[in-house]
Amino acid sequence: MNNHADMSLPDYYQDLPPSLIQTSALIPLPPTALIHRSNALSASIANTIGQSLSGETPAMAGIVSAYSGHQFGTFNPALGDGRAMLLGRLNSGANLEVGLKGCGKTAFSYGHDGRLSLTDALKEYLISHALMAQDIPSIEPGAIYCSGARLPQQKMETAAFLIRLAPSFLRVGHLEYLSITGQHGAMQHLIIHCMQPHFDAAPNQATFQNNLAFFSEVVERWAKLAAKWQAQGFCHGTLNSDNFSVLGLSLDCGGSQFMSRYDPLLCPNAIDKRGRYAFNQQSRVILFNLTVLAQALTPLLPLCVSQPVLATFKQRFNRYYAQLMAQKLGLRYQDVNQQPWPLSTMQALCDLSADILQLMFDLRLDYHRCYQLLAQYMQSADLELINNKRRIQLADELINHCGDIEVSAADVIKFSEWLADYQQLLQQQSPSPCPAQPSTNPRFTLRTSDVNAVVKAAHQENFMPLTQLIIALRGNKLEGAARQS
Ligand code: AMP
Ligand code: MG
């Protein structure tokens, strides 16, 4: 393993059985050039990796692992890192592992080429930037490289390499694999590794209590992540359990999408004809994957213990989701003393969120623009001065700015009636409205049209739109930081 001096191999891998991990060597593709690097990866490491990718220096070695997974609900025992390789861990103190995607054939490629197309690399890179900028837990983008080589197995697409960073790339599929192959000691080993640096109350011991704490933490993290995805209009698209991070991170998001027009049936995965992974199915399918995890863990944690934890997922998700949706409207989900509102207020908050979604759907409004304009119109206005006439004006203006169809006068009135309910709740919570949260209603959202424009330009070797789009996405984060300070 010839890691760069700034990286080391995570020690815990050395104690894993060879059936789980194997050493693999990168197959370079000259010429390869760095086209973008995120701040999380130093220029020196990015350059060193780049030289190896293009064959200028000896090929890097890394580790690949076996995993299984439930794909579209069906168990597939034989998956694994078919095109991804773990290069090492950053020595910078950030405690991030460095993964390479598109490395060429590995022991788990099963006849495929082990490569990543430039289109898919760009999509995944941009989506992870967008997620990070909106404070949605995700695998971090590290760098992206473009090669002059073409991929015969992928419609002669241009080849690319993607560097991804994460505290751990562990998937539920890894634990499924160890469970069905009877490698329970290795499964316990991975859980302890996972708990040590990343989970709160978890001493380094293989006890029943710690395994329970581990499972509860995974359920909690996924309840939070699922709520964030829903609130930010994000659809993963391929929520197979092999794409399901144990740390509750958005992982393998190349086929994901942020919605534009509000559409609960949004389903960015073209092969998902039945909409198993559609936007409005995500919390259900996440619960399915957590159930798969509970089943895999049975040698270490009986189902009668994990089931009650699993049963809390829905409630946890609903609470986080309701909180975030209230926040998007600048409303408090709890009073200033963090005490729950009376039931009638809670009901009014939930109705308000559900009703605006229904209006957005009926009137084909843009999800993000609509929340942004609502914040602009109502949260910054003198609420006392907004009368019925003004509400109708605002409703008309908002529909015109966010929609793409002609709407009737009755629809405008309906929207203005919703505004009246909204105004009432804002007034009730005044003078202590919800403090502005960074990235709640991001100023800039990743649109499919922007991604496509970047991809098109990149294929013509113009990488400027890529850089510009990432600057725009990062602006959300910077703006959020400014608002907080
Ligand atoms: P994905 O759809 O990217 O989550 O991949 C599902 C499985 O197929 C994983 O085990 C991948 O490693 C494998 N896979 C996908 N594309 C390739 C490829 N081009 N070469 C080798 N393995 C691949
Ligand atoms: Mg995958």
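Remember, it's a predicted structure, so these values are computed and weren't measured experimentally.

**Topic: the overall build of the protein**
Now for step 1: Per the secondary structure count, the protein includes 14 helices and 12 strands.
Now for step 2: Scaling as 2.2 N^0.38, a compact globule of 485 residues should have a C-alpha radius of gyration of about 23 Å, and the protein matches this with 24 Å.
Now for step 3: Principal-axis analysis of the C-alpha atoms places the extent of the protein at approximately 70 × 55 × 45 Å.
Now for step 4: Within the protein, the proportion of its 485 residues that are buried is 45%.
Now for step 5: A fraction of 71% describes how many contacts in the protein between residues 6 or more apart in sequence connect residues 24 or more apart.

**Details of the site of ligand 1**
Now for step 1: Taken together, Leu79, Gly80, Asp81, Gly82, Arg83, Ser109, His112, Asp113, Gly114, Arg115, Asn243 and Asp252 make up all the residues around ligand 1.
Now for step 2: A per-class count over the shell around ligand 1 returns one nonpolar, six polar and five charged.

**What to know about the packing of helix α5 (residues 208–231) against helix α8 (residues 313–328)**
Now for step 1: Their axes nearest at 8 Å, the elements α5 and α8 cross at an angle of 35°. Judged by the twist between their axes, the crossing of α5 over α8 is right-handed. Contacts from Val219, Glu220, Ala223, Lys224, Ala226, Ala227, Lys228, Gln230 and Ala231 in α5 reach Phe313, Arg316, Phe317, Tyr320, Tyr321, Leu324, Met325 and Lys328 in α8.
Now for step 2: Among the residues forming the contact of α5 with α8, the class breakdown is 11 nonpolar, one polar and five charged.

**Description of the environment of Met464**
Now for step 1: Note on placement: Met464 falls in helix α14 (residues 464–484).
Now for step 2: C-alpha separation for the pair Met464 and Ile35, spaced 429 residues apart in sequence, amounts to 9.4 Å.

**With respect to the domain arrangement of the protein**
Now for step 1: Here the protein is partitioned into domain 1 (7–170), domain 2 (172–323) and domain 3 (330–429).
Now for step 2: Between the C-alpha centres of domain 1 and domain 3 the distance comes to 44 Å.

**As for helix α9 (residues 343–362)**
Now for step 1: Given a rise of 1.5 Å per residue, 20 residues ought to cover 28 Å, and the 28 Å separating the end C-alpha atoms of α9 matches this to within 8%.
Now for step 2: All buried positions along α9 are accounted for by Leu349, Ile356, Leu359 and Met360. What you see down the axis of α9 is that its buried residues fit within an arc of 100°, all on one side. Turned more than 90 degrees away from the buried face of α9, the exposed residues are Leu343, Ser344, Gln347 and Ala354.
Now for step 3: Where α9 terminates, the next one or two residues include Arg364, which has phi positive at roughly 55°.

**Details of α8**
Now for step 1: The terminal C-alpha atoms of α8 lie 22 Å apart, and with 16 residues this matches the ideal 22 Å at 1.5 Å per residue to within 8%.
Now for step 2: Downstream of α8 by one or two residues, Gly330 has phi in the positive range, about 70°.

**Some points on the nonpolar core**
Now for step 1: Ranked by size, the top nonpolar core spans 135 residues in total, and within it Met85, Leu122, Leu126, Ile144, Tyr145, Ala160 and Leu293 carry the most contacts.
Now for step 2: When residues no more than four places from it in sequence are discounted, the contact partners of Leu122 are Ile144, Val454, Val455, Ala458 and Leu466.

The rules we used
Each chain carries its own residue numbering, running from 1 in the written order of its sequence. Just so you know, chain letters begin at A and ligand numbers begin at 1, following the order they were written in. Local features are withheld for residues below a pLDDT of 70 in this predicted model, meaning they are given only at 70 or higher, and side-chain atom pairs are given and counted only at 80 or more; totals for whole chains, interfaces and linings count all residues. Helix and strand definitions here come from DSSP, where helices need a minimum of 4 consecutive H or I residues and strands a minimum of 2 consecutive E residues; each element is numbered from the N-terminal end. For the radius of gyration, the atoms used are the C-alpha atoms, and the globule rule reads 2.2 Å times the number of residues raised to 0.38. The burial criterion counts other C-beta atoms lying within 10 Å of a residue's C-beta, which is placed from the backbone; the residue is buried at 20 or more, exposed at 12 or fewer, and partly exposed between these limits. A pair of residues counts as a contact when their C-beta atoms, built from backbone coordinates, are separated by no more than 7 Å. Working rule for contacts: place C-beta from the backbone, and if it is within 6 Å of a molecule or strand, that residue counts as near it. Note that Gly is not counted as nonpolar here; it falls among the polar residues with everything else outside the nonpolar set of Ala, Val, Leu, Ile, Met, Phe, Trp, Tyr, Cys and Pro and the charged set of Asp, Glu, Lys and Arg. Every angle, taken between N-to-C directions, lies between 0 and 180 degrees, and every axis is a line fitted to C-alpha atoms, over only the stretch in contact when it is a helix. Here a crossing is called left-handed whenever its near helix is offset anticlockwise from the far helix by less than a right angle, and right-handed whenever the offset is clockwise. Note that the domain bounds were set by an automatic or database domain assignment. Given the number of residues in a helix, its expected span is that number minus one, multiplied by 1.5 Å. By arc we mean the arc of the directions from the helix axis to the C-beta atoms, nothing more. As used here, a nonpolar core is made of buried Ala, Val, Leu, Ile, Met, Phe, Trp, Tyr and Cys residues. They are joined through C-beta atoms within 7 Å.

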